[in-house]
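Chain by chain, the residues:
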Number of protein chains: 2
Amino acid sequence: MYRTIAMKRILMPSVKTKITKRALIVSEAAKLFKEKGFGGASMRDLAEKVGMEAASIYHHIRSKEELLEEICFGLAKTYETQLSEIEQQKIGYPEKIEALIAFHVQLIIEDVNAVSVLNNDWKYLSSEKMIDFKTMRKDYEKRFAALISKGIEAGVFKNVNVSIALFTILSSLRWVELWYKPTRGVTKEDLAKNISAILMNGVKA
Amino acid sequence: MYRTIAMKRILMPSVKTKITKRALIVSEAAKLFKEKGFGGASMRDLAEKVGMEAASIYHHIRSKEELLEEICFGLAKTYETQLSEIEQQKIGYPEKIEALIAFHVQLIIEDVNAVSVLNNDWKYLSSEKMIDFKTMRKDYEKRFAALISKGIEAGVFKNVNVSIALFTILSSLRWVELWYKPTRGVTKEDLAKNISAILMNGVKA
DNA sequence: AAAACTAACTAACGTTTGTTAGTTTTATAA
DNA sequence: TTATAAAACTAACAAACGTTAGTTAGTTTT
């Protein structure tokens, strides 16, 4: 007991350093993958960004693909967690959709690199991991769609085609990633509000 | 004079063959780029698809990038032409937007490979060509935005944020490419109509 | 003080990449 | 049938790729 704690205290610094370095590598990898795509980003590029040789990176990670997996599945987990929470909240369906829209926008602004990788580079996952990824995504979409369906049944949404509505909403959100620049002078709250307004009420006068 | 015509007639068949083969290469390249991305698709992959050796492809094209350019700029031209026509039509602004939506949907269904390459692989263009591409795209977006702005001024659209409305519409359309499958049992007309309905009137009851 | 561990390095591996050069086959015209 | 041009081939290139091996210096544990 006593010994365990003591060991932890002593080991802390080196362990902490390792974790930090690894996190730096993952973070820079996300930035690089976003810029050049998974295939276009080389380990030597990445090495330069983190200030070491390409081979040295393998002291911290197992493979290039492990980086991709960590980015994709880490973020997927975040999406799932937040969806679960919103599902449980006792608010109306329009408010649930609006909350999801706000969450998506916030996530993009907070971690645009990871979101970009999740959106664009998941197809470079190994076929095993890709199956897992697609399963998670399909699950997410189904639960999102269910919120729309229930809203229609409850009479708070028009009788739209659920699939098309779902993909219209998700698509609109996906591309905040490409479009958003802090310099544009739009806060994330404004952005979420405007997107919600268009999707909820349309553009027609 | 006489000689020129004679030569043309004689050369025709072989020229035609060349054009056809080249078109096949470009078409298969689009399919391959969509599947694996520009970086992930090798010339040897492409060669196999068109039934020849990789080196032989260079009898028909100058470089791999030339394929990318042909796909991107060819389609960009199509978009521009159609936008020009719709701009000139004497219909209301909502109808113009709806016409553009229908056009985007149709183009995706007709030539999903090229649209996918245009959407995802333009960033692998050489920096020179990329500038041209971005200029064309910006021009397209500006003219699309102008239709929304004028609609607002005319009082047929709500006073929405034009940029956000524009990117919401374009985003929704971009992802038809990823989503649409003929097997889903939705005609392109239905699809365009449903998307238009949501963007024009929203989902809220 | 010895042993073990950490984190970096250099060098090199075997592949794959886009592309070029030179040669052979195929198709067409005279 | 023969000359010619087109379209394919084989072989090879240099560069870049992800990754492994072996080593070194510095730190921590025994």
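Residues numbered from 1 in each chain as written. Chains lettered and ligands numbered in written order. Predicted model: local features only at pLDDT ≥ 70, side-chain atom pairs only at ≥ 80, totals over all residues. Heavy atoms only, no water.

Participant: Would you explain the interface of chain B and chain A in this entry?
Facilitator: A common way to report how large an interface is uses the accessible area buried once the components associate. In this assembly, 38 residues from chain B lie in contact with 38 residues from chain A. Between chain B and chain A, a total of about 3500 Å² is buried, with carbon and sulfur atoms accounting for 65% of that surface. When residues of chain B are sorted by the area they lose upon contact with chain A, Phe167, Val203 and Lys204 of chain B head the list and together hold 20% of the total. Summed over the shared surface of chain B and chain A, the result is zero salt bridges. Linking chain B to chain A there are 19 residue pairs in polar contact (both at pLDDT 80 or more). The biggest single contributor to the side of chain B that touches chain A is helix α8 (residues 162-174) of chain B, with eight residues. Of the residues belonging to the side of chain B that touches chain A, the class tally is 20 nonpolar, 10 polar and eight charged. (Contact = heavy atoms within 4.5 Å. Buried area = accessible area lost by both parts, 1.4 Å probe. Salt bridge = Lys/Arg side-chain N within 4 Å of Asp/Glu carboxyl O. Polar contact = N/O pair within 3.5 Å; in protein donor to acceptor, adjacent residues only side chain to side chain. Helix = DSSP H or I, 4+ residues; strand = E, 2+ residues; numbered from the N terminus. Nonpolar A, V, L, I, M, F, W, Y, C, P; charged D, E, K, R; others polar.)

Participant: Can you help me understand the nonpolar core in this one?
Facilitator: The nonpolar side chains of a soluble globular protein tend to be buried, and buried together. Among the nonpolar cores identified, the biggest contains 133 residues, and Leu191 of chain A together with Leu191 of chain B are the most heavily contacted of them. Per element, the largest residue contribution to this core is 10 residues, and it comes from helix α4 (residues 64-88) of chain A. If sequence neighbours within four positions are ignored, Leu191 of chain B has contacts with Ile164 and Phe167 of chain A together with Val105, Val176, Trp179, Tyr180 and Val186 of chain B. (Core = buried A, V, L, I, M, F, W, Y, C linked by side-chain atoms within 4.5 Å. Buried < 20%, exposed > 50% of the residue type's maximum accessible area, 1.4 Å probe, protein only.)

Participant: What is the right way to look at the packing of aromatic side chains in this model?
Facilitator: Geometry of an aromatic ring pair is reported as the spacing of the ring centres plus the angle between the planes. Overall, the coordinates contain 17 aromatic pairs over all chains when judged by the stated rule. Ring centres 5.0 Å apart and planes at 20° place the aromatic pair Trp175 of chain A and Trp175 of chain B in the stacked group. Taken as a pair, Trp175 of chain A in the loop between α8 (162-174) and α9 (176-179) and Trp175 of chain B in the loop between α8 and α9 (176-179) lie in two separate chains rather than in one. Assigned by exposure class, Trp175 of chain A and Trp175 of chain B land together as buried. Judged by centre distance (6.3 Å) and plane angle (85°), the rings of Phe73 of chain B and Phe133 of chain B are edge-to-face. Taken as a pair, Phe73 of chain B in helix α4 (residues 64-88) and Phe133 of chain B in helix α7 (residues 127-153) lie far apart in primary sequence, 60 residues in all. (Phe/Tyr/Trp six-rings, centres within 6.5 Å; stacked < 30°, edge-to-face > 60°.)

Participant: Explanation requested: the relation of the copies chain B and chain A in the structure shown.
Facilitator: The operation linking the two copies of the chain is a rotation about an axis combined with a translation along the axis. Least-squares fitting of chain B to chain A yields an RMSD of 0.0 Å, with the superposition described by an axial translation of 0.0 Å and a rotation of 180°. Here the symmetry operator amounts to a two-fold rotation axis. Nearest to the rotation axis, the C-alpha of Gly202 of chain B is located 2.0 Å from it, this being the minimum over chain B. Both copies contact each other with a shared surface, as 100% of the interface residues of chain B are interface residues in chain A too. (Least-squares fit on C-alpha atoms with pLDDT ≥ 70 in both.)

Participant: Before we go on, may I ask you to explain the domain arrangement of chain A in this structure?
Facilitator: Residue and element names in this part refer to chain A. The domain architecture assigned to chain A consists of domain 1 (1-61) and domain 2 (64-205). The centre of domain 1, based on its C-alpha atoms, is set 29 Å off from the matching centre of domain 2. With 16 residues of domain 1 at the interface, the matching set in domain 2 holds 15 residues. Carbon and sulfur atoms supply 67% of the area buried between domain 1 and domain 2, which totals about 1400 Å² over both sides. For the domain 1 face of the interface with domain 2, the top three residues by lost area are Phe33, Lys34 and Phe38, together amounting to 46%. Linking domain 1 with domain 2 are two salt bridges, by the criterion used here. Salt-bridge contacts for Arg22 lead to Glu66; the nearest nitrogen and oxygen are separated by 3.6 Å. On the surface where domain 1 and domain 2 come into contact, there are three residue pairs in polar contact (both at pLDDT 80 or more). Those elements that provide at least two residues to the side of domain 1 that touches domain 2 are α1 (2-40) and α2 (43-50). Here the side of domain 1 that touches domain 2 gets 11 residues from one element, more than from any other, and that element is α1. (Domains from an automatic or database assignment.)

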